[in-house]
Amino acid sequence: MSVAFPDRKILQRAEGDGVVLADSDRLVQLLGNLIGNALTYGDPDGEVTVTSRVTETVARLSVQNRGVPITEETLKTIFQPMVLGDRDTRSSVRSVGLGLYIVRAIAVAHGGDVTVTSNEHDGTEFVVSFPF
């Protein structure tokens, strides 16, 4: 993602030790979708933080950014297919509305789920967790 967004700062944090047995190609796709959205729709001067956390039974991936919060109305449908989120006038991004639907499908295929929180104080954070 750093190649596609050379002027943006992406921080990566790993918490916990352990090996996760999962479909690495799909997890890369999941992270690519979440990080790409964070870079595209977040504060263009802000950083994106990617955190992986592994406990004895659960893997957790989160992507957090700052910027204009996602509206409550959009949060209700954000993981549905073919639904476009809030339109940011700074962005000329073209989207068909499948990225977050795919993120949820990958999380569910791993026995987990994805959640999102978005507010002015904490920014926007997508969290994927699944047992292993």
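Scroll up for the structure.
Conventions and cut-offs
- Residues numbered from 1 in each chain as written.
- Predicted model: local features only at pLDDT ≥ 70, side-chain atom pairs only at ≥ 80, totals over all residues.
- Heavy atoms only, no water.
- Buried < 20%, exposed > 50% of the residue type's maximum accessible area, 1.4 Å probe, protein only.
- Helix = DSSP H or I, 4+ residues; strand = E, 2+ residues; numbered from the N terminus.
- Pairing = 2+ DSSP bridges.
- Arc of directions from axis to C-beta.
- Contact = heavy atoms within 4.5 Å.
- Phe/Tyr/Trp six-rings, centres within 6.5 Å; stacked < 30°, edge-to-face > 60°.

Trainee: Can you break down the pairing of strand 4 (residues 113-119) residue by residue, with the values?
Mentor: Side chains Val114, Val116 and Ser118 project from strand 4 onto a buried face, and the interleaved Asp113, Thr115, Thr117 and Asn119 project onto a face without burial. Across 7 bridges, the pairing between strand 4 and strand 5 (residues 123-131) is antiparallel. Across the sheet, asparagine 119 pairs through a bridge with glycine 123, a residue of strand 5.

Trainee: Which residues make up helix 3 (residues 99-109), and what are the values?
Mentor: Where helix 3 is concerned, the buried positions are Leu100, Val103, Ile106 and Ala107. Buried residues of helix 3, viewed axially, fall in a sector of 115°; they line one side. Looking at the buried residues of helix 3, the elements they touch are helix 1 (24-41), strand 4 and strand 5. Trailing helix 3 by a residue or two, glycine 111 shows a phi angle of about 80°, which is positive.

Trainee: An account of the packing of aromatic side chains is needed here, citing residue identities and associated values.
Mentor: Per the counting criterion, the structure on display carries 1 aromatic pair. An angle of 90° between the planes, with centres 6.1 Å apart, marks the rings of phenylalanine 79 and phenylalanine 126 as edge-to-face. In this pair, phenylalanine 79 is assigned in the loop between helix 2 (72-75) and helix 3 and phenylalanine 126 in strand 5, connecting sequence segments 47 residues apart. With relative accessibility at 7%, the residue phenylalanine 126 sits in the buried group.

Trainee: Account for the pairing of strand 3 (residues 58-65), with residues named and values stated.
Mentor: Taking burial as the measure, the 8 residues of strand 3 include 6 buried ones, the bulk of the element. In this structure, strand 2 (residues 47-54) lies alongside strand 3, joined through 7 bridges in antiparallel fashion. Directly across from valine 48, in strand 3, lies its bridge partner asparagine 65. As consecutive antiparallel partners, strand 2 and strand 3 are separated by 3 residues.

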